[in-house]
Amino acid sequence: MELQILWAALIMYVLAGSLSIISFVMQRKPERTILAFLVLGVVLHTTAIALRWERMGHGPYITMFEALSSGIWNLLLVYTLVYWRIPAIRATAAIVTPILFLMMGWMMLFPPSEVGHKPVVYHTIWLYIHIGFAKAFISTVFIAVGISGIILSRRTEYGEIRFAHLPNDSRLDDLSFRFMAVAMIFQTLMLITGAIWAQDAWGRYWDWDPLETWAFITWLLVIFSLHLRHTYKTAPRTGALLVISVFIMAFVVFFGVPFVSTDFHQGVGRS
Amino acid sequence: MPDIPPPGIPSPGIPPPGFPSPDISKPNTVVRVLRLLASLKLTLVLIIMLLIGILIIYYTRTRFVWALAIPFIGFAINLTATVLTNPVFRRQMALLVFHLALISIALLIAIDWLTYLKGQIELVEGETFSGQTLSEESGPLHRRKLNNLQLTNESFTINYIIADGQLRRADTSNQVEWVAPDGRSGRSIIGNQEPLLLGGYRFYTTNNKGFAPIFRWRLNGADTDKIGAVHLPSFPIQLLQQKNEWTPPGSTMPVWILLQIEEEIFFPDKPSNLRVPDKHTVVVRLNAPQGDNDQRWELKPGDSVRLPDGVLTYQELRKWMGYEVSYNFTLPWLLTASVLAVLSMGWHFWRKFAARPWNPNSGESKLGES
């Protein structure tokens, strides 16, 4: 049952994404319809995740299928909220939804039937707080990526015409800086809560395991990009490239680690 | 329009006639140096240096302290100089608190490096720890107090389940008896995410645990026996490697100890726990000099064997637990400073962003449909 609801949610997302791409090409603004599809998709997806959580007895963070499903969910939850509240970012739907399509396709490569195992060290409230901040971080960067996509596509004549109705690059750059600043706060909280969890779980708050190290490097990259933009008053295009590089780094760290380690943190599943 | 002061009242910053004018255009050397050290560009350089330091530590797998210490010292200087020279901190409390918290973090990390201790110990059930670690590293200013406390591993249980077709470790429960440096004593249950806090040290159970045959050894000519435990490799991860070399006290000839388990410890279809097998044999092998055959004995509890240097008696099989002991007294302060830094940073951004609307086109908040 939960799987059918999940597929229905994905169909809603695909409809929202396709409509946003078509409207970008046709220069239409079916924003209300897109928002309706997004909200419906998020509601269905939330239901599917809740049902699976109830059935499996653990949250959506054990198997790769679950990690990707909850990753798509949190990106779209935050994106839908911002889409509703900040009109300037609505045009970004045509830019960010292809990223989500790729994630959906990737998720389908993993068997949803895989059970997974919840290690003892996951039995702590700090895990949920840590993961919550991580998801809030990447979702916020995701919105900045959409804004950066507009700034960069305006370098082309086609993009300039299509996005002519939006605020100027400087204003969009300021908006993306704000989202990155908020993302940095979430990411800092993610590192602090992760250290608290690690101290409880393994007796050390920091041990330079692959995920810790690369998450910290990503944090440094975020700090570096914000500082660079503030110090040198960089051009919107430079700021946009920095945002995209942070997102690529964060995405590889968050979703790439399972390819090099069977557990999200080194040593989690040792017997 | 600028405010013009009434006649007779000098403008702020302009000395009245007859007073020498301070040369505010040329700051003194100290201020110039401080301004150089407070440079935002220097901050960027330090971030890159920290990035390189992390990569060095990560890829060389060494505790190359200076790779991190140099950028952290640099940050402390850079931040302090910024706080001292930048007038914005006198107007923006949030920014000041943020920078002071960052300075505190850099100092606390430095103190932690100087005073930390990290060590490993292994204790057989019934054995008492009184200061001797298997391995240990500590900062140069650490005042070792491990000898002033006692920790006895009374017993432990570890549950196992089958998940995804594999044997997986579940809960660990370890009963320990302790005596603190101030003479207090008591019993605690530790394991999973519960450490024992004793005299500022934290003792954690680890994934490392296994079996240990207990031997009684009487050296030729000695009046008394000695009791010893041979810790076999971690179980069940090294299920097929349950052997170890051991030299009895006073002997010159090492022996090989091998544990043969003759029953199932873990069941493939139901939850199990780590327990000492009732059916088992301990094999003792003595490496013979070149040309001769090795000698080999199979022992059950209570069996003895005469070795060239004495008599070895196998008494019983017990379990041992590996512990990690650590000392980081800066931890609560580090957490406080980190939380303060992130809260003040959030406060600063909140005030900064609230001054201008998030929505660049405030007139277009309605959803368009065309």
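Since the structure is predicted, the reported quantities are computational estimates derived from the model, not experimental observations. (Residues numbered from 1 in each chain as written. Chains lettered and ligands numbered in written order. Predicted model: local features only at pLDDT ≥ 70, side-chain atom pairs only at ≥ 80, totals over all residues. Heavy atoms only, no water.)

**Focus on the interface of chain B and chain A**
Counting from both sides, the interface comprises 59 residues of chain B and, opposite them, 63 residues of chain A. Across the chain B/chain A interface, buried area totals approximately 5,500 Å², and carbon plus sulfur atoms make up 64% of it. One can count one salt bridge joining chain B with chain A. D207 of chain A is the partner of K118 of chain B in a salt bridge, and the nearest nitrogen-oxygen pair spans 3.7 Å. At the boundary of chain B with chain A, the tally comes to five residue pairs in polar contact (both at pLDDT 80 or more). Secondary-structure elements contributing two or more residues to the side of chain B that touches chain A are α2 (40-60), β4 (150-163), β5 (166-179), β8 (201-219), β16 (310-327) and α6 (331-354) of chain B. (Contact = heavy atoms within 4.5 Å. Buried area = accessible area lost by both parts, 1.4 Å probe. Salt bridge = Lys/Arg side-chain N within 4 Å of Asp/Glu carboxyl O. Polar contact = N/O pair within 3.5 Å; in protein donor to acceptor, adjacent residues only side chain to side chain. Helix = DSSP H or I, 4+ residues; strand = E, 2+ residues; numbered from the N terminus.)

**Focus: the packing of helix α3 (residues 64-85) of chain A against helix α4 (residues 93-107) of chain A**
Residues and elements named next belong to chain A. Where α3 contacts α4, the axes come no closer than 9 Å and their chain directions differ by 165°. By the angle between their axes, α3 is roughly antiparallel relative to α4. When you trace α3 past α4, the crossing you get is left-handed. Judged by residue contacts, M64, F65, L68, S69, G71, I72, L75, L76, Y79 and Y83 of α3 engage A93, V96, L100, M103, M104, W106 and M107 from α4. Classifying every residue of the contact of α3 with α4 by side-chain character gives 15 nonpolar, two polar and no charged. (Axes fitted to C-alpha atoms, helices over the stretch in contact; angles between N-to-C directions. Parallel < 35°, antiparallel > 145°, perpendicular 65-115°, else oblique. Left-handed = near helix turned anticlockwise from the far one by under 90°. Nonpolar A, V, L, I, M, F, W, Y, C, P; charged D, E, K, R; others polar.)

**What about the pattern of salt bridges?**
All names here are of chain A. Tallying each qualifying case throughout the model produces 19 salt bridges over all chains. Between E2 and R52 there is a salt bridge, with the nearest N and O atoms lying 3.7 Å from each other. On the criterion of sequence distance, the pair formed by E2 in helix α1 (residues 2-26) and R52 in helix α2 (residues 31-56) is long-range, its members being 50 residues apart. What makes E2 buried here is its relative accessible area of 12%. (Buried < 20%, exposed > 50% of the residue type's maximum accessible area, 1.4 Å probe, protein only.)

**Overview of the domain arrangement of chain B**
All names here are of chain B. Partitioning chain B into structural domains gives domain 1 (29-116 + 329-353) and domain 2 (118-326). The distance between the C-alpha centroids of domain 1 and domain 2 comes to 44 Å. Counting residues at the interface gives six residues for domain 1 and eight residues for domain 2. Considering only the surface of domain 1 that becomes buried against domain 2, L114, T115 and Y116 emerge as the three largest contributors, covering 78% of it. Inspection of the domain 1/domain 2 interface yields zero salt bridges. Inspection of the region where domain 1 meets domain 2 yields five residue pairs in polar contact (both at pLDDT 80 or more). Considering every element that reaches the side of domain 1 that touches domain 2, the biggest residue donor is helix α5 (residues 93-115), with three residues. Residue composition of the side of domain 1 that touches domain 2, by class: four nonpolar, one polar and one charged. (Domains from an automatic or database assignment.)

**Points about α1 of chain A**
The α-helix advances 3.6 residues per turn, and as a result positions three or four apart in sequence lie on the same side. All names here are of chain A. With 25 residues, α1 should cover 36 Å at 1.5 Å per step; its first-to-last C-alpha distance of 36 Å lies within 8% of that length. When α1 is considered as a whole, its buried residues turn out to be E2, I5, L6, A9, L10, M12, Y13, A16, G17, S20 and S23. Looking at the buried positions of α1, the neighbouring elements they touch are α2, α3 and α4. Q27 occupies a position one or two residues after α1 and carries a positive phi of about 55°. (Expected span 1.5 Å × (residues − 1).)

**Details of the domain arrangement of chain A**
Residues and elements named next belong to chain A. Taken domain by domain, chain A holds domain 1 (1-116) and domain 2 (117-271). Distance from the C-alpha centre of domain 1 to the C-alpha centre of domain 2: 19 Å. Taken residue by residue, the interface counts 32 residues in domain 1 and 30 residues in domain 2. A buried area of about 2,800 Å², summed over both sides, lies between domain 1 and domain 2, and 80% of it is on carbon and sulfur atoms. Where domain 1 touches domain 2, the interface holds zero salt bridges. Mapped onto the side of domain 1 that touches domain 2, the elements with two or more residues apiece are α1, α3 and α4. Counting residues per element, the side of domain 1 that touches domain 2 draws most heavily on α3, at 10 residues. Each residue belonging to the side of domain 1 that touches domain 2 can be placed in one class, and the counts come to 24 nonpolar, eight polar and no charged.

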